[in-house]
Amino acid sequence: MEQAATRISGGTDLGERILLDKGDDELHRLANAYNAMLERLEKSFEAEKRFTSDASHELRTPMSVIMAQVELTLDKDRTPEEYRNALRVIRRQGGRMNSLINSMLDYTRLEQSAERYPFTPLNLSEICESISADMKLIRRNNIELQYDIAAGIFINGNKLLLERALQNLIDNAYKYGKENGHIFVRLKKNENIISLSVKDDGNGIAEDDRELVFDRFFRSDKSRSRENGAVSGNGLGLSMVKKIAEMHGGSIKLECPKDGGCVFTISLLSTSSMQKH
Ligand code: ADP
């Protein structure tokens, strides 16, 4: 065991484990605990590596466009209009990088410093009602938002994060919804399970993509491709919503009804002691 531990601490391979024959004495339990710790470290290390590589990949595209545009423009003398056009491209791509960096910072903060987001007793009904009322005013693409919020649902949580989660889901429903469509926000409680759902009647999500939408940086080909009228975004929104649900001891699921559209539902646990607040 000592040799294995020394090898692991001195090397870079977190995949190594302490191998012992079967047994249930103190040494075996120690080895198992040690292996479980390595397993966790390896997983979070891999996730960090993936995040850094995905993030660099995402930033590389706008950066390459900016560099290509600058090179092309400096190639020869241009008219003022051509210079203006080049600057517009650079501004657009710079804006993309900016929003990507901001989202990445938000995401890392969420991952690494949960203590920044203290929990307090909250009236979730009031929060959902006011976000829905405010976002109803957006009416992008003439989409109509309706809501049905059960009163008096309380939870112990972080207001900022819960607001952000709901805003993100509604924002997506507008972004990916269809012209003259509908969004339906519902908050209800059954026994002690609270569910907060956002339903739209847009194009829905292809079956193959449904499992991937909560992954960081995932965007469906359709959302990315310019020909189909690319929608702005960076693929971090839903992974953030999922993280927020999990930080509150809950989960998120996606359903795509047969008649089209999507329903995202956050499930949270309410305890009777919380209802007193
Ligand atoms: P973003 O919107 O920035 O691309 P998200 O993480 O919020 O990132 O969403 C990931 C992807 O999931 C989107 O790019 C889109 O392809 C798909 N998606 C999310 N919400 C919806 C929705 N309501 N309807 C259809 N597709 C959606």
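Remember, predicted model here, so these are calculated numbers, not experimental data.

(A) Region of interest: the packing of helix H2 (residues 26–74) against helix H3 (residues 80–112). One way to put it is that H2 packs onto H3 with a least axis distance of 9 Å and a crossing angle of 170°. Classified by the angle between their axes, H2 and H3 sit roughly antiparallel to one another. Note that H2 runs across H3; the crossing there is left-handed. For the contact of H2 with H3, the class distribution of residues is 17 nonpolar, 6 polar and 4 charged.

(B) Structural view of the sheet that holds strand S5 (residues 193–200). Strand order in the open sheet made by the 5 strands is S2-S4-S5-S7-S6, with mixed pairing throughout. Pairing within the sheet leaves two strands with one partner each, and these edge strands are strand S2 (144–149) and strand S6 (251–255). The average undirected angle you get between the axes of adjacent strands in this sheet is 15°. When S6 meets strand S7 (residues 262–269), the two strands line up antiparallel, connected through 5 bridges. Following the sheet pairing, Glu255 is matched in S7 by Val263. Of the strands in this sheet, S2, strand S4 (182–190), S5, S6 and S7 touch helix H5 (residues 159–175), which is tilted by about 25° from S5.

(C) Spatial organisation of the pairing of strand S3 (residues 154–157). Here S3 shows one buried face, formed by Ile155 and Gly157, and one open face, formed by Phe154 and Asn156. As defined by bridge partners, strand S1 (residues 120–123) adjoins S3 across 4 bridges and the pair is classed as antiparallel. Among the inter-strand pairings, Pro121 is bridged to a residue of S3, identified as Asn156.

(D) Just the site of the ligand, in detail. Lining the immediate environment of the ligand, one finds 19 residues, of which Tyr176, Arg219, Ser223, Asn234 and Leu238 sit closest. Asn172 places a side-chain nitrogen or oxygen 2.8 Å from an oxygen atom of the ligand. Residue Gly235 places a main-chain N or O atom 3.0 Å away from an oxygen atom belonging to the ligand. Protein contact buries 96% of the 540 Å² of open area that the ligand shows by itself. Of all the elements in the fold, those that place two or more residues in the shell around the ligand are H5, helix H7 (237–247) and S7.

(E) Representation of the side chain of Arg219. As for its placement among the helices and strands, Arg219 is situated in the loop between S5 and helix H6 (221–224). Buried within the structure, Arg219 lacks any salt-bridge partner; Glu58 is the closest side chain of opposite charge, at an N-O distance of 7.3 Å. Here Tyr176 takes part through its side chain, which lies 3.2 Å from a polar atom of the side chain of Arg219. Aside from chain neighbours lying at most four places away, what touches Arg219 is Tyr176, Arg224, Val231, Ser232, Gly233, Asn234 and Gly235.

(F) Representation of the nonpolar core in the model. Membership of the largest hydrophobic core comes to 49 residues, with the highest contact counts inside it found for Leu124, Ile170, Val185, Phe264 and Ile266. When residues in this core are grouped by element, the largest group, 8 residues, is from H5.

(G) Fine view of unusual backbone geometry. Phi is positive for Asn142, close to 60°, though the residue is something other than glycine. Residue class for Asn142 comes out partly exposed when judged on its relative accessible area of 38%. The phi torsion at Asn180 lies on the positive side, around 60°, for a residue other than glycine. Relative to the helices and strands, Asn180 resides in the loop between H5 and S4. Since its relative accessible area comes to 46%, Asn180 is described here as partly exposed.

(H) Spotlight on empty space enclosed by the protein. A full pass over the atoms with the stated rule returns 1 cavity of 30 Å³ or more. Of the voids in this model, the largest cavity is the one considered here, and its volume is about 30 Å³. Lining the largest cavity are Leu124, Leu162, Ala165, Leu196, Ile266 and Leu268. Elements with a contribution of two residues or more to the lining of the largest cavity: H5 and S7. Counted by class, the lining of the largest cavity contains 6 nonpolar, no polar and no charged residues.

(I) Local environment of the confidence of the model for the chain. Averaged over all residues, the pLDDT of the chain is 90; the fraction at 70 or higher stands at 95%. Mean pLDDT across the secondary structure elements of the chain bottoms out at helix H8 (residues 272–275), with 47, and peaks at S2, with 98. Here residues 273–277 scores under 50 on pLDDT; set against residues more than four positions off or in separate chains, the count is 8 contacts.

(J) Spotlight on the layout of surface pockets. Within this model, the second largest pocket holds a volume of roughly 260 Å³. Elements with a minimum of two residues in the lining of the second largest pocket: H2, H3 and H7. Broken down by element, the lining of the second largest pocket gets its largest block of residues, 4 residues, from H7.

Criteria and cut-off values
Residues numbered from 1 in each chain as written. Predicted model: local features only at pLDDT ≥ 70, side-chain atom pairs only at ≥ 80, totals over all residues. Heavy atoms only, no water. Axes fitted to C-alpha atoms, helices over the stretch in contact; angles between N-to-C directions. Helix = DSSP H or I, 4+ residues; strand = E, 2+ residues; numbered from the N terminus. Parallel < 35°, antiparallel > 145°, perpendicular 65-115°, else oblique. Left-handed = near helix turned anticlockwise from the far one by under 90°. Nonpolar A, V, L, I, M, F, W, Y, C, P; charged D, E, K, R; others polar. Pairing = 2+ DSSP bridges. Contact = heavy atoms within 4.5 Å. Buried < 20%, exposed > 50% of the residue type's maximum accessible area, 1.4 Å probe, protein only. Near = heavy atom within 4 Å. Polar contact = N/O pair within 3.5 Å; in protein donor to acceptor, adjacent residues only side chain to side chain. Areas by Shrake-Rupley, 256 points an atom, 1.4 Å probe, with all protein chains shown as cover. Lys, Arg positive; Asp, Glu negative; His and termini not counted. Salt bridge = Lys/Arg side-chain N within 4 Å of Asp/Glu carboxyl O. Core = buried A, V, L, I, M, F, W, Y, C linked by side-chain atoms within 4.5 Å. 1 Å grid on protein atoms, 1.4 Å probe; cavity = no way out; pocket = protein on both sides within 12 Å on 5 of 7 lines; lining within 4 Å. Points joined across faces, edges and corners; volume = space filled by probe spheres on them. pLDDT = per-residue confidence, 0-100.

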